[in-house]
Structure formats: C-alpha cells, structure tokens
Amino acid sequence: MERETLAIRSIALVLLVVGASIGPLGPVGSAAGNVENVDDRPTAYSVVQGERCIPLTIVGDASQNVSSYYDYHGGDGTDYSSHGTDDRQVSNVSQLYVYRGSNGDSLLFLHDARNDGVGNGSVSMSITNVPEEASWPVEDDTYQNRDDNFEHGETSSQIDWMWTEGRTDGAAMVGLGHLNETAIRIDPAFDEESFAAQDPELDWPYDPLEWRARSGPDEELVALDKDSPVEVQAGTCLDAAVEVNATTVSSGEAVQFDGGNSTVGPSAEYDWSFGDNTSATGVTTTHTYNQTETFTVTLTVSNRFGRSDTANVTIEVVDDSPPDARLDAPATATPNETVVLDASNSTDDTGISEYRWDVDGDGTVDRTTTAARTETAFDTVGNQTVAVTAVDTLGQTDSANATIAVEANESNDPTAAIDGPATATVNQEVTFDASNSTVPRGGATYEWDLNGDGTAENVTTTPSLTTSFATIGNRTVRVTVVDAIGRNDSANATLTVQRNASNDPVARLDAPATARVDTAVTFDASNSTVPRGGATYAWDLNGDGTAENVTTTPSLTATFDTAGDRTIRLTVTDSANVTATDSAQVTVERASQSGGGGSGGDGGSDSGGGGAAPAPPPEPDEDEPAATASSDGNTVTVESNVDADVVGVGLDDGTLGSGSVRVQRIALADVESGSAVAVTDEWNGSDGPPLGSDETMLALGPSVASGPAPSSVTYQLAIDRAAIRNRGGSVDSLAVATWNGSGWETAETTLVRNDSTVVINATAGPEEPLAVGLPTAQVVGTDLAIAESPVVNQSVNVSVTLSNNGHRDGSETVTTVLGGRVVASERVTIRAGETERLTFTVVPRRAGQQRLTVAGLQTTVDVAPARADIGPPSVDVERETVGTGESVQVRATFRNDGTVTGTENASFVVFGEVVERQSVTVAPGETKTVTFEQRIEHPGQYTVGVNGQNASVAVDGEAKTAQTESWVDTGTGGGGSTSPLLLGLLALGSIGLVAGSIAVLSRQL
C-alpha cells in the first residue's frame, strides 16, 4: 500500500510538472489577444463571394480559448498538426469557419486532415481589412525554421502554408467581433498559384485542394471558388421576406406591408416599390390602391456593405361594397340577466367573415365571433349601448348599435348616511363617518366631495375618511355611496372651519416719505409675519381699494407718472385665506427739468392712478397724423409721416394677436418721414417658446418695409389676466423676449397698467422678433401597470407615473376608471420638471375583460371571477398522549383565502381508513375548525389525518379489549371482528421485527 501511495504521488508530481512545462508552448500571436464580452459580439457572421452569401458556422461556447480548441502539437515526436479539430478535418479540403472562444470570436483556417495518407498541399492567402484589435494566437506551424510564412501588419496579413501528407496546416485570427462597417477580404492562391509552388527554390509538390466554408448549424461544407476573393462580414446574409394583412383588397383600402421577418444584419435598409410608380421606406409601411388591378410589390433589403436581396408579393385590387350591419337586442334587462345580441339580419355581397362586438359601449372590441349571435350581461343599471361591426371577406366593414335599458330593483338601492364634527380649525384633522349607510347589494365604494363642487376628491372602499382643511369658512361635505351595480345615494354634512387667531398674519409696510415722478421706489413688507405660511402680498398704489399688483415676495418696485400725495395700502393673505392690512403715505414730487429738447409732453396722464412709466407719447396734433397703420392679412405696416423722436399709432383689437395677448399700439423711435416697419403675426423662426416657457402666446416678426430703419420698435401689449389664469399661468410668470438669431434674450419692458387687463410696453430692434411665452404645467402619464391579476371584489394596486415636463407646478385630479366606473380618485401636485409614481387601490366589481383608464392611459385587464380558495387544513390533536380506551380529539382548521364563501369535505383517516366525514363551510378571509373524536383500545404510536394532513398520538397502558375486538372504537356501540387491514398491518410488523433481529445477529456474527 505504501508503495502504491508513493507511486500515485510520484505520478501526480510528474503530471503537475509536465502540465506546467507544456502550458507556455502554445503558439504566440503577433499581438496581444483581446477578451470580448460574449453579449457584445455579433450574433452571426457570413462570407460573401460575388453574388453568393453563405452563413458561417460558429463553433464553441466561449468556455475555452481558441488555442486550447485548436490544440496544435509541434516538436520532436509530434505530427505538427491540430488535434482539437479532428472531428472537422477533411482530406484535401481547406475550410473557413468561426470559433467562439473565451478570449473572443476567431476566424479559423483549417487545411487538410492528419493521418489521412494523402499527399502534400500548399495555399497562400492575402488578408486585408483586418480589425486593428485582432491578433493571431494560432499559427500552424510554429517550429523553428518552419516552412510556413506569417507576415502580419496592423490591418493585413500575408500567409503561405505548405504541408506534407498526413498533416494539417491552419491559423486562427481572434478579434472578429470588432468587425463593424468593414468586411475582411481574403485573396487566395491555391495549388500551383501558391507561393510554395511558385518559388523555384521550394518547388513544393501538392495535391489539388478544394475550398469550403463551413455553414449553418448543420455545418454544411459549401464550396467556394478558389480563383475568386471572399469577404467575411459581421451579421447574417440578407434574405428579404414580405408579409401583408391581405392580398385581395378593395379599391381605397389600405394594405399593411411588413418586412420584419426578413433576415438582415445591423444598419439594414428597407425599400418598397408598390407597382404603381410609388415607393416607401421602412420595416413596415401602409399603401392604398385607388384603381382595380393586380400589382406586384417588391421589397429590397440592403446592408451597409451595399449588398441587397428582394422579395415580391402580389396584391389584387377589386371592387367591393361594404356589408349592411343590423343588430337586434332586447329593449330592457335587469342586472346580470343574460341577453342575446343578434346580427343575423346583416348582409353583404361577398359574405361576412366575422362579427366584432362592443358589449360595454366603450368603443373597443370586446370579442370577435364568426357566429351572428352572442350573449352578454350587465352588472350596473342604466342605458347600455352595444354595437356590432360586420366584416366581409375583403375586410370591408359596417357597424350597427342598440341601446338596452338596464333597470334595477329599487328596494335594494343603497341609503347614504354621514356623521362628522360641526366645527374644526384650519389644518386640524377631522373624520367623516358613513358607516351608518346601508348597501344591500354589497360592493360599496364611498365618493367624498370635500368642497361642494360636485367632484369627488377621494374615493374609498371603507366608510370613513380623515382629512383637513387649509382655509377658513363653511364646508359642505358630501358622501356618495355606490353599490356593486352602480346604484348610488348621497348624504351631506356641514363643517365650519375656524381659524386659530394666534396664527393670524400681521402686516407691516415700510415706504419712503417722498418719491419723484418717473423714479423707481421700493415698498417693503418683509417685517410682516405669516405663521401659517403661503403668503401673498396685494399692493394698492393709488388708494382706490383695488390692488394693482399681487406678489408672493414681500417687496414691490414701482414708478409714478404724476405728482401728488399717495396712500399705499398693503394686504397680506395667508394659506388659510386670513388677511391683514397696513398702509403708508408717499408724496410724489415732480422731476427736475432737463435742458434737452425732444418731442415729449408733460409726463403723460395718470393711467389708472398709479402704475409705472407712461405709454409712448401722443402723436403731434396736425392735420396729417404722425403715423399710419395698414393691415394685409396677418401683417401690419406702421409708416411715419414726420421726422420725430417717437411716433405711434393705435391698433384695433384682433389686428395683431388675439385672445390672451394682443398688440394695441406700435411706436417707432428716432424715425424719419417715409420710414415704415412691417410686423407679421405668428412669426415661427425660433426653436420653441422663449426663456423657460411652454406655450407661445404671441410671436411678432418685424422688418423694415421702407426708408431708414428706426432705432427701436415699442409694442404696447394688452394681456387678459383672467385668460392667462385660465390657461394655468399668471401674468407675473410671462416671459417677454427677443430673438437674437440664435437664442432668446429678455426684452426691455415697462409696466403701464396692472388690473384685469395688464398693459406692458415691450421694446425691440426694428427687425428683431419678439415673443410672449407662458410657463404652464405639462403633466403626462406613462407606464401604467397593475400589480397582479385582478379578481372580483379583491383589492389590487394600480400604478402610473406622472411627469411634469413644463416649467410650472401643476395639480391634476387623477381618476381611475375600471369598466366604465370610477373606482379611485386623487388630487396630486407635480412640481415642474419632476416625476412621481402613484399607486391606487381598486376593487373590481365584475369579471371579464375591462378597460382600465388612469391619467389618460388605457389598457385592458382580465378580471377573474370571485372564487373560494380553501387549502389543506392544519391538523393537531388535543393531547399527544392518551390512555387506552380514552378518546382522542383531532382538530382540523381550514382557511379560505378566496373572495367568496366555499365548502370543503373533511375526511378523518385512522389506519389508512376513512372513519368519519364532515362538511365545513368557510367565509372569505376566515378560518373554521372541525373536531373528530375516536377511542383507541390498544397501546402504540398512531398516525391520524384529515385530507392528507397528519398528526401523531401515543396510546399508553394495557389493552382494554379481547383479541377478537377492534383496536379502534368507531362509535358503533359494540365489539366486532378485527378488520383485514389491521391484520395485514400486524403481519407486516411481525415480519419487520424478525428481519431486524436477523440483521442484528448477522452483525454480531
């Protein structure tokens, strides 16, 4: 044994040393090998020769490198050949295929077969367009002073092979996976054309070779022309294929063409010729023929190497009249009553192939039949519209519909009741309770309208809601109780929301005692306190009781255009709509006189008693107006009739702009007589709305129409505050900007008047476009998902992603509609540029396919019917050990995880026999326990079970009955003979005992 152990250890040591010695002797490439991620490699390769394209076989699973696969044996005592390719070697054949190795995909060259007893061979190949990342880890041969020649450049190689009979030659180039927009080119020289045969010093003898590409999963050897070059490319061979939705259509009917089943590589192009001198591009396309004729449609697919393939299909265009659809249905029905929809009176000249039924009135097809009749039922009351679309054999359609009045038994309608507190303070949580409502049909949902606007802000499946109110005032809270068939009833509660006086705001206004005409002055309310937050500041600048400006920041800068005493009044409003006021006196003094001339007057009139800088000065009082305006379509031309610092002209409403923003006056500065500027509405030369806005309200494109250009153009813009607010914005957020040729810049503006119509002067260059942009919320929904397969009357989560792509915060009421019924609703606010994932819990009330709509997104869900789900019971015994003759109580507990009440049969088993059965009924979500009782008269360990679930009980003591009596008292009241089953069990037990004894004795012996 010791000698054997030593021998084994010696052998292991020798193998280890030999393995370490052999490892470095593999062939070394001309560059470092590259390791490629298998997932990033091309899925296919092909070789092209002339018009032929041959898919190349890919051998290997990336588990070893190509050197190990090729397994070249060289040196004394070897055959200087590849041993790893024995199963693919073919005598007198030069092969080309791909090996997928752990260090990359390799192009493998394999010549001849070893030990075949056939003559010599020689071949030369010039290989170009090789990827720079490629290397040659296999060069057959690699011995010193070899006959073969391997010359490698950065992107090319020249290889000359020559071998004697019974040997192979070859090579492997790793890095094939880096092929992209180019193909490797191989120019061959076989037999007498090879370097070995041409060199007079060698004069190498040869036997003629064949050149083959190993192709496809079956590794077919496909012949190549030895006298022509080939190109190896990433990707498969092109194979065009066309599918159409119909080959016979009527005139004017669209045909859908699909080339998606074509076999192509990356960057493929699809060109369609429809046979009527029209064409299209793309994987799929649609075309309509307007004349009856037979057309041949050709699809040409081409790749980045300029290669192509075609496929044809014939389309026959015929005359066809659409069907005449008819639908008969009962006028009335009750909830869940089965009704028959009958379209058998429909007709068509070529025959009707199918009927598409919309049974829930949502405009989508719910089922398709070849029969002219179908059945349905409605689980909610009301008028139900059903429709059928008859489709003839050529795809022509016609539709018909009918209305069924679904009427309920009103005695089962719900009755709503609501309880809640009479008063609360701002932001105090209060609970409204509708649990006293009655819903005889079940399936109740509770829709809560918290502000009396008739729209539910919350929908719950439980009869209570906890909420709070942010502003003071009286609130009417309405709950609408909706039952399983859509019948409803409402009840109201009144709540008075009071403020907590300690949190009321305090207004503080700081202002200078004096100011000058046309000089900016700042009013400061930063010393005000607003404990509840959400402050707005309303500024009345002329004491008329109307705020000219409303801000969310505690300061305002303004100018006055007339002298006099002003009372400035500040009103601070908090988030609870509670207000506080403060005021200050300001004396506005005239500005000092300047020495220059000009065309100005005495400072202008008081526009609304406050505001900022004046509008452009009035025109000179002459017989001829200083400027005139003419319009042509959407272009207004303003022409000056005098030389002046400023001339201006008023425009009629709707001349430039309309609705929210319109131009009411245009003024030209530093203008000469005869100068004119043309202003075009709806200028569209920019890349989008200006300066962080989302909607362009007005876009003006001016140009000099005649004469010298004025220095600037001032547009007086009238902005409808209410219209802007109705579009989800505010006047304060408007962006007024000019276009400099490459981007937007903020325009020079002056506030003229600030009330229901805001007037702003905006100044731009004479040929500088000007636009008014409005930031708005752009809330869109994406990624609608339902968490699991829905079941009737069982909660399921529905999720949707809301994104605000606009530049203003937006609030949306997200309503979830399932099967035409509102099942959830929530008011959410999404900040500008942000995304939020929302989840709603819904409870489907009927089974079948239903349309789910959330935030404008739709999908179809298949609601499974309600069912009981009672699994195997849990089984235990009251006592695990009892005496002989005592009762054993066995308990089996069943649970119903379904959505409706179910019944299960419980079978009590002792000694493999069912000795008692009970029926157990379990409500959904509840458990129920049944108890069985038996007496066992003989001691031992026993297994008892219910419906395949077992428990053990031990019986101690002496036997209580004679041998002729049963071991188990079944409760029949008397003795009985031992059952055959028990006798069989006793016999088996005895045999087991004897066998065990024999086994013990045998061990001892």
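Calculation rules
- Numbering of residues starts from 1 in every chain and runs along the sequence as written.
- Only residues with pLDDT of at least 70 get local features here, since the model is predicted, and only at 80 or more are side-chain atom pairs given and counted; chain-wide, interface and lining totals rely on the full set of residues.
- Here the side-chain values reflect all heavy atoms present in the structure, with hydrogen atoms and water set aside.
- Each helix corresponds to a stretch of at least 4 residues labelled H or I by DSSP, and each strand to a stretch of at least 2 residues labelled E; elements are numbered beginning at the N terminus.
- Think of it in three bands: residues with accessible area under 20% of the maximum for their type are buried, residues over 50% are exposed, and the middle band is partly exposed, with areas taken using a 1.4 Å probe on protein chains only.
- Any two residues whose heavy atoms approach within 4.5 Å at even a single point are treated as in contact.
- Values of accessible area rely on a 1.4 Å probe in the Shrake-Rupley scheme; residue burial ignores everything except the protein chains shown.
- Note on terminology: disulfide denotes any pair of cysteine sulfur atoms within 2.5 Å.
- Should DSSP find at least two bridges between two strands, the strands are regarded as paired.
- Angles run from 0 to 180 degrees between N-to-C directions of axes, and those axes are lines fitted to C-alpha atoms, restricted for helices to the stretch in contact.
- What makes a salt bridge here is a side-chain nitrogen of Lys or Arg within 4 Å of a carboxyl oxygen of Asp or Glu, nothing more.
- The patches described consist of residues with a relative accessible area above 30% and no salt bridge, like charges being joined within 9 Å and nonpolar side chains (Val, Leu, Ile, Met, Phe, Trp, Tyr) within 5 Å.
- By the counting rule applied here, Lys and Arg register as positive and Asp and Glu as negative, while His and the ends of each chain are not counted.
- By convention, charge coordinates are those of NZ in Lys, CZ in Arg, CG in Asp, or CD in Glu.
- Each Phe, Tyr or Trp ring, with Trp reduced to its six-membered ring, pairs with another whose centre is within 6.5 Å; inter-plane angles below 30 degrees give stacked pairs, above 60 give edge-to-face pairs, and intermediate values give tilted ones.
- In this analysis the charged atom, NZ for Lys or CZ for Arg, is taken to sit over a ring once it is within 6 Å of the ring centre and within 35 degrees of the ring normal.
- By convention a nonpolar core is built from buried Ala, Val, Leu, Ile, Met, Phe, Trp, Tyr and Cys residues, the set being connected through side-chain atoms within 4.5 Å.
- Note on scores: pLDDT gives the predictor's confidence for each residue, bounded by 0 and 100.

**Comments concerning the overall build of the protein**
Helix and strand counts for the protein stand at five helices and 74 strands. For the protein, with 1005 residues in total, the buried portion stands at 42%. Pairs at least 24 apart in sequence give 66% of the contacts found in the protein among residues at least 6 apart. Surface exposure of the protein reaches about 48900 Å², of which carbon and sulfur atoms provide 44%.

**A few points about the state of the cysteines**
One pass over the structure, following the stated rule, counts one disulfide. With its sulfur 2.0 Å from that of its partner, Cys-53 forms a disulfide with Cys-237. Residues Cys-53 and Cys-237 share a disulfide whose torsion about the S-S bond is about -85°; that sign makes it left-handed. With Cys-53 in strand β2 (residues 52-55) and Cys-237 in the loop between β16 (230-234) and β17 (243-244), the pair connects residues that are 184 residues apart, well separated along the chain. Judged by its relative accessible area of 31%, Cys-53 is partly exposed.

**Digging into the sheet that holds strand β67 (residues 881-883)**
Strand pairs in the sheet, formed through backbone hydrogen bonds, run parallel or antiparallel to each other. As summarised here, the arrangement of the five strands in space is β67-β73-β72-β69-β70, forming an open sheet in which the pairing is mixed. In this open sheet, the two strands that pair with only one neighbour each are β67 and β70 (913-922). Averaged over all neighbouring strand pairs, the angle between strand axes comes to 30°, with direction disregarded. Strand direction decides the pairing type here: β67 and strand β73 (residues 949-956), joined by three bridges, are parallel.

**Considering the pattern of salt bridges**
What the rule picks out here adds up to 27 salt bridges. Between Asp-86 and Arg-114 there is a salt bridge, with the nearest N and O atoms lying 2.9 Å from each other. Here Arg-114 lies in the loop between β7 (104-111) and β8 (121-128) and Asp-86 lies in the loop between β5 (81-82) and β6 (93-101), a separation of 28 residues in the sequence. Among the residues examined, Arg-114 registers a relative accessible area of 18% and is labelled buried. The closest approach of N and O atoms between Asp-504 and Arg-532, which form a salt bridge, is 3.1 Å. A residue pair is termed long-range when its members are at least 10 positions apart, and Asp-504 in the loop between β38 (488-498) and β39 (514-516) and Arg-532 in the loop between β40 (521-524) and β41 (536-540) qualify at 28 residues.

**Quick notes on the sheet that holds β38**
Taken together, the five strands give an open sheet; going across it, the order is β32-β38-β37-β34-β35, and neighbouring strands pair in mixed fashion. Looking at the sheet topology across the chains shown, the edges are occupied by β32 (423-425) and β35 (458-460). Neighbouring strand axes in the sheet, compared pairwise and without regard to direction, differ in orientation by 30° on average. For strand β34 (residues 445-449) and strand β37 (residues 473-482), the ladder comprises five bridges, and the chain directions are antiparallel. Bridge assignment links Asp-449 to a residue of β37, and that residue is Arg-478.

**Comments concerning a negative patch on the surface**
A surface patch of negative charge is lined by Glu-192, Glu-193, Asp-225 and Asp-227. Mapped onto the elements, Asp-227 comes out in the loop between β15 (220-224) and β16.

**Digging into the packing of aromatic side chains**
Scanning the model with the defined rule gives 13 aromatic pairs in all. Taken together, a centroid distance of 5.5 Å and an interplanar angle of 45° make the contact between Phe-257 and Phe-274 tilted. Of this pair, Phe-257 sits in strand β19 (residues 254-258) while Phe-274 sits in the loop between β20 (269-273) and β21 (279-281), placing them 17 residues apart in sequence. For the pair shown, Phe-257 and Phe-274 are each scored as buried. Residues Phe-523 and Phe-560 carry aromatic rings whose centres are separated by 6.5 Å and whose planes lie at 80° to one another, so their mutual orientation is edge-to-face. Note that Phe-523 is positioned in strand β40 and Phe-560 in the loop between β43 (555-558) and β44 (564-573), a separation of 37 residues in sequence. Of the two residues examined, Phe-523 and Phe-560, each falls in the buried class. A network of ring pairs unites the aromatic residues Phe-109, Trp-136, Phe-150 and Trp-161 as a single cluster. Above the plane of the ring of Tyr-97 lies Arg-214, whose end atom (NZ or CZ) is 5.7 Å from the centre.

**As for the nonpolar core**
Where a protein is soluble and globular, its nonpolar side chains tend to be buried together. Counting residues in hydrophobic clusters, the biggest one holds 36 residues, and the most contacted among them are Val-663, Ile-666 and Tyr-715. Dropping the residues within four chain positions of it, Tyr-715 is found in contact with Val-663, Arg-665, Ile-666, Val-679, Leu-700, Pro-702, Ile-760, Asn-761, Ala-762, Ala-764 and Leu-770. Leu-96, Leu-107, Val-123 and Trp-161 belong to the second largest nonpolar core, which has 33 residues in total.

**Concerning the environment of Val-230**
Counting through the fold element by element, Val-230 comes out in strand β16. A relative accessible area of 1% means that Val-230 is categorised as buried. Residues Val-230 and Asp-187 lie 43 residues apart in sequence; the distance between their C-alpha atoms is 6.8 Å. When sequence neighbours within four positions are dropped, the list of residues in contact with Val-230 reads Val-47, Val-48, Gln-49, Ile-184, Arg-185, Ile-186, Trp-211 and Leu-224.

**Overview of the confidence of the model for the protein**
Of the residues in the protein, 88% reach a pLDDT of 70 or more, and the chain-wide mean stands at 83. This model gives residues 1-35 a pLDDT under 50, and the stretch forms 23 contacts once residues within four places in sequence are excluded. Every residue in residues 961-995 scores below 50 in pLDDT, and together they form 33 contacts with partners more than four places removed in sequence or on other chains.

**Observations concerning unusual backbone geometry**
Residues Asp-140 and Asp-141 are joined by a peptide bond in cis, for which omega reads 25°. With respect to the helices and strands, Asp-141 occurs in the loop between β9 (135-140) and β10 (149-152). The phi dihedral of Tyr-80 falls on the positive side, at around 50°, and the residue is not glycine. Unusually for a residue other than glycine, Asp-518 sits at a positive phi of about 65°. Considering the arrangement of structural elements, one finds Asp-518 in the loop between β39 and β40.

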